[in-house]
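Spelled out, the chains give:
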Amino acid sequence: MPHQPSETASDAGSASVLAITGVEKTFLTSRGERLKALETTNLELKVNEFVCVVGPSGCGKSTLLRMTAGLESCETGSISFMGTPVVRPRREIGMVFQEYSLLPWRSVLDNVAMGPEFAGGSRADCVRAAEEFLQLVGLSEFAQSYPHELSGGMRQRVAIARALANRPELLLMDEPFGALDAHTRILLQRELLKICQKHATTILFVTHSVDEAVYLADRIVVMSPRPGRIKRILSVDLPHPRSRGDARYAALSQHILELLES
Amino acid sequence: MKSSVLSFFLPALVPAAVVGAWIYWAPVIDNELLLPSPSSVAAILVHPAEPLLAMGSVAVNMLMSFARVAVGFTVGTILGIVAGLVMGRFKLADRILGPFLELFRPIPSLAWVPLLLAWFGMASVAGLLGIDSGPVYPYLDNLKLSMLFILILGGFFPTFTGTYQGVRSVPRTLVESSRVLGASESDIFFKVLLPGSAPGIFNGIRIGITLDWCHLVAAEMLPGASSGMGYLIFDAQMLGRMDIVIAGMILIGATGALLDYGCRVFERKKLGWSREVR
């Protein structure tokens, strides 16, 4: 579809942080065939909104996130952040990966200090920022440890602190708790919400866990598999902290599961 | 505790047996040209500064060889690291230079000697710098360009391969997460790829330095050399001094093993993280 988005700041007036307009993604397979990963997608995120994208693997949700981060190009449509198109990674957009992706040769402190360091901050400023955010995730005493000395949950906390130390206005999270055990996962979900209250951030969170989405999100984007397409966008009007025993919680989860299966 | 004492001495067992056999057989054979007595070899080793006939002392020759390897290997290693980083990072550079470099890898460095002698002859670093006297002159004059070329080549390939594979083994998400955090291309290079490939680089250096040491000794046996451990051995053979030959071999072996050991210690201390990852 030759949908040509205007790159004038049409959405500058609204409180929209991120505007994904008419975005599609096609990959070339190793056999030279074109494979559509993502059908035309439109999505808008408002300031301080927590949006979860759920869908089966291969629905293009990670691709969408990587394009938003500027790690992958989008040939069709546009992704604009605060009114300017995203063409490469930028400091205001942070990202947390499933694989933690901490630098194994750097101490926890030096990992968290990466953002300020790349921005050219003085050593003292970098350390101060890193300490502040390490404290936020409750890992101050592990500042001098190395990533391999920490558990998976702690590593992911470090990765979150590292992303936040860059003071992003939009935080992208790609199945950040996917590799953690159920208990740690629930703990970190709770912690993430607490952090969001302290440091107001807009979050786009990709997961394949319906429960996780219902627990965290203000809005849930339900996607269909191959080629990925937005099936439905649902608002979650349950107050925080949400109780998994709540009847509305269960009903919503059930509803999303049915959507995914249909 | 007993077993730990035993395991400490275990590596010394075989060398001790070899020396024992040597001590036993030397007087039986009683021919200095076939098997010199351990005591004559030991005498050379404990007085390294004593001049040996026209060859100079063991210490001077050792120093000469060492200086050559230090200069040649350092240059080769630096070139190897740079090429490995660039070709590991940029596909285009890899496509252009990869096949070319692979053509040279299988060529033994000694096969270069005839060509190098024709090109450089006896030219040395001293001539290159225009120095023809002074205290450093003998050292610079012994850094023959042809020999350096061989050492650079010998140091280049192992380090290049180690670096190249090291860069390739840095997980993509490390690069991507750094880019998202605002890393510039030079940050990626120096703060992610370089430290990330350090274990690979170091592995290459460890293999390369012992290999280069071997190459050097072989190169010093060729025409044109007038000092160094290889020259010492070669010349001693001409003079029928098998005790000097064996003393030289022992020193070459010990130096190589020591270099390797030094590398291992450094690796354990500075690159311990790489063994803990996954």
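Residues numbered from 1 in each chain as written. Chains lettered and ligands numbered in written order. Predicted model: local features only at pLDDT ≥ 70, side-chain atom pairs only at ≥ 80, totals over all residues. Heavy atoms only, no water.

Trainee: Quick rundown of the overall build of chain A? Include the residues and the values.
Mentor: The helix and strand inventory of chain A stands at eight helices and 10 strands. The C-alpha radius of gyration of chain A comes to 19 Å, within 12% of the 18 Å expected for a compact globule of 262 residues. When its C-alpha atoms are laid out on the principal axes, chain A stretches across 50 × 45 × 45 Å. A separation threshold of at least 6 residues defines the contact pool for chain A, and within that pool the share at least 24 residues apart is 68%. About 11700 Å² of surface is accessible on chain A, with carbon and sulfur atoms providing 50% of the total. (Helix = DSSP H or I, 4+ residues; strand = E, 2+ residues; numbered from the N terminus. Rg over C-alpha atoms; globule rule 2.2 N^0.38 Å. Contact = heavy atoms within 4.5 Å. Areas by Shrake-Rupley, 256 points an atom, 1.4 Å probe, with all protein chains shown as cover.)

Trainee: Residues and numbers for the pattern of salt bridges, please.
Mentor: Residue and element names in this part refer to chain A. Inspection of every chain in the model, using the stated rule, returns 27 salt bridges over all chains. D246 is paired through a salt bridge with R248; the nearest N and O atoms lie 3.6 Å apart. The class of D246 is partly exposed, set by a relative accessible area of 25%. (Salt bridge = Lys/Arg side-chain N within 4 Å of Asp/Glu carboxyl O. Buried < 20%, exposed > 50% of the residue type's maximum accessible area, 1.4 Å probe, protein only.)

Trainee: Summarise the sheet that holds strand 7 (residues 170-174) of chain A; cite the residues concerned and give the values.
Mentor: Residue and element names in this part refer to chain A. Overall, mixed pairing links the six strands, which are arranged 6-7-8-3-9-10 in an open sheet. Of all the strands in the sheet, just strand 6 (93-96) and strand 10 (229-235) have a single pairing partner and so form its edges. For this sheet, the mean inter-axis angle between neighbouring strands, taken without regard to orientation, is 20°. Summarising the sheet, strand 7 and strand 8 (residues 202-207) pair through five bridges and their orientation is parallel. Residue pairing in the sheet places L172 in a bridge with L204 of strand 8. Helix-sheet contacts for helix 1 (residues 61-69) involve strand 3 (50-54), strand 6, strand 7, strand 8 and strand 9 (219-224), and the interaxial angle to strand 7 is about 150°. (Pairing = 2+ DSSP bridges. Axes fitted to C-alpha atoms, helices over the stretch in contact; angles between N-to-C directions.)

Trainee: Any chance you could break down helix 6 (residues 182-198) of chain A for me, citing the residues and the numbers?
Mentor: The end-to-end C-alpha separation of helix 6 of chain A is 25 Å, in line with the 24 Å expected for 17 residues at 1.5 Å each. On its buried face, helix 6 of chain A is in contact with strand 3, helix 4 (123-136), helix 5 (152-164), strand 7, strand 8 and helix 7 (210-216) of chain A. (Expected span 1.5 Å × (residues − 1).)

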